[in-house]
Amino acid sequence: MILLFNFRKPIYQGDHMTRIETRPLIEEDARLFKLWRDALKISGKTLEQTLAEEVGEYFGKSVDEVIEFWYYSTQRLKEEWVAQNPQTEADIINYYDKNTTYIYELSFWHTLHMNLGLIENARSLELAMSRPGRRYLDFGGGTGSNIILFSKYGFECTLADISTSVLGFAKWRFERRGIDCNIIDLKLETLPEN
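Residues numbered from 1 in each chain as written. Predicted model: local features only at pLDDT ≥ 70, side-chain atom pairs only at ≥ 80, totals over all residues. Heavy atoms only, no water.

Draft legend 1. A look at a nonpolar patch on the surface. Residues Trp81, Val82 and Ile92 make up a contiguous nonpolar surface patch of roughly 250 Å² in combined accessible area. Turning to its location among the elements, Trp81 is positioned in helix H3 (residues 63–84). (Patch = residues over 30% accessible without salt bridge, like charges linked within 9 Å, V, L, I, M, F, W, Y side chains within 5 Å. Areas by Shrake-Rupley, 256 points an atom, 1.4 Å probe, with all protein chains shown as cover. Salt bridge = Lys/Arg side-chain N within 4 Å of Asp/Glu carboxyl O. Helix = DSSP H or I, 4+ residues; strand = E, 2+ residues; numbered from the N terminus.)

And the structure:
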């Protein structure tokens, strides 16, 4: 099922209307998305080009192959979930632990212009910058994009996740970008006391 999204009005889908909570697109959203985009993209490249090249280099794929896979990654992730049919906590952890489609899906998600989730990540950064302390924990942080954002603004960062494949990609990204980050595999370690 494809769901079209518009920030200003509900979109009709098929013979019935799908109700979507919307709000007007505001200048503040554009400013915050630019904060996100500028932190993640490599100078001289677009956000999409940067992330597609990262994923392609990591998996030994061309940018075109990555972009083509992006468009089907959410559907493929769903199909993999249904095929594995995880029932227990251990099954769910196992599903995410080795899954590489999730890396494609998250990297695509992190390119979507004016994505409200990404805008809220940038808003969280600004809120954190207005307060004392410069330590950031991204619990369930996936491919580490929020770490890239927060580290750019001087935060000491920790990424925690249960997926070995995702943590491996995040670690590779951090090394490639010269980012120092503590990484916690939640299957093997717990969070520090403080």
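From this point, the discussion proceeds with the structure in view.
Draft legend 2. Main features of the nonpolar core. Among the nonpolar cores identified, the biggest contains 35 residues, and Ile147 and Phe174 are the most heavily contacted of them. Going through the elements one at a time, helix H1 (27–40), helix H2 (47–59), H3, helix H5 (101–109), helix H6 (116–129), helix H7 (145–152), strand E4 (156–161) and helix H8 (164–177) are the ones with two or more residues in this core. By residue number, the principal contributor to this core is H1, which donates six residues. (Core = buried A, V, L, I, M, F, W, Y, C linked by side-chain atoms within 4.5 Å. Buried < 20%, exposed > 50% of the residue type's maximum accessible area, 1.4 Å probe, protein only.)

Draft legend 3. Representation of the pairing of strand E3 (residues 135–139). Residue alternation in E3 divides its side chains into a buried set, Tyr136 and Asp138, and an unburied set, Arg135, Leu137 and Phe139. In this structure, E3 lies alongside E4, joined through five bridges in parallel fashion. Paired with Leu137 across the two strands is Thr158, which belongs to E4. Crossover E3 to E4 through H7 is right-handed. (Pairing = 2+ DSSP bridges. Right-handed = clockwise from strand over helix to strand, strands pointing away.)

Draft legend 4. Region of the structure containing the environment of Arg76. Note on placement: Arg76 falls in helix H3. Contact partners of Arg76, with chain neighbours within four places excluded, come to Phe69 and Thr101. (Contact = heavy atoms within 4.5 Å.)

Draft legend 5. View of the packing of aromatic side chains. All told, the structure shown has 14 aromatic pairs when counted by the stated rule. Between the aromatic rings of Trp70 and Phe108, the centroid separation amounts to 5.6 Å while the plane-to-plane angle is 35°, which identifies the pairing as tilted. Taken together, the residues Trp70 in helix H3 and Phe108 in helix H5 connect sequence positions 38 residues apart. For the pair Trp70 and Phe108, a shared accessibility class is recorded, and that class is buried. Aromatic side chains Phe150 and Phe155 sit 5.2 Å apart centroid to centroid with 75° between the ring planes, which places their arrangement in the edge-to-face category. Each member of the pair, Phe150 together with Phe155, is buried. (Phe/Tyr/Trp six-rings, centres within 6.5 Å; stacked < 30°, edge-to-face > 60°.)

Draft legend 6. How the structure looks around the sheet that holds strand E5 (residues 181–185). In spatial order, the strands read E3-E4-E5; together these three strands make up an open sheet with parallel pairing. Two strands close off the open sheet at either side, each with one partner strand: E3 and E5. Neighbour to neighbour, the strand axes of the sheet diverge by 15° on average, direction disregarded. Strands in contact with H8 are E4 and E5; relative to E5, the strand with the most contacts, it is inclined by about 170°. (Axes fitted to C-alpha atoms, helices over the stretch in contact; angles between N-to-C directions.)

Distances and angles like these do not, on their own, reveal function.
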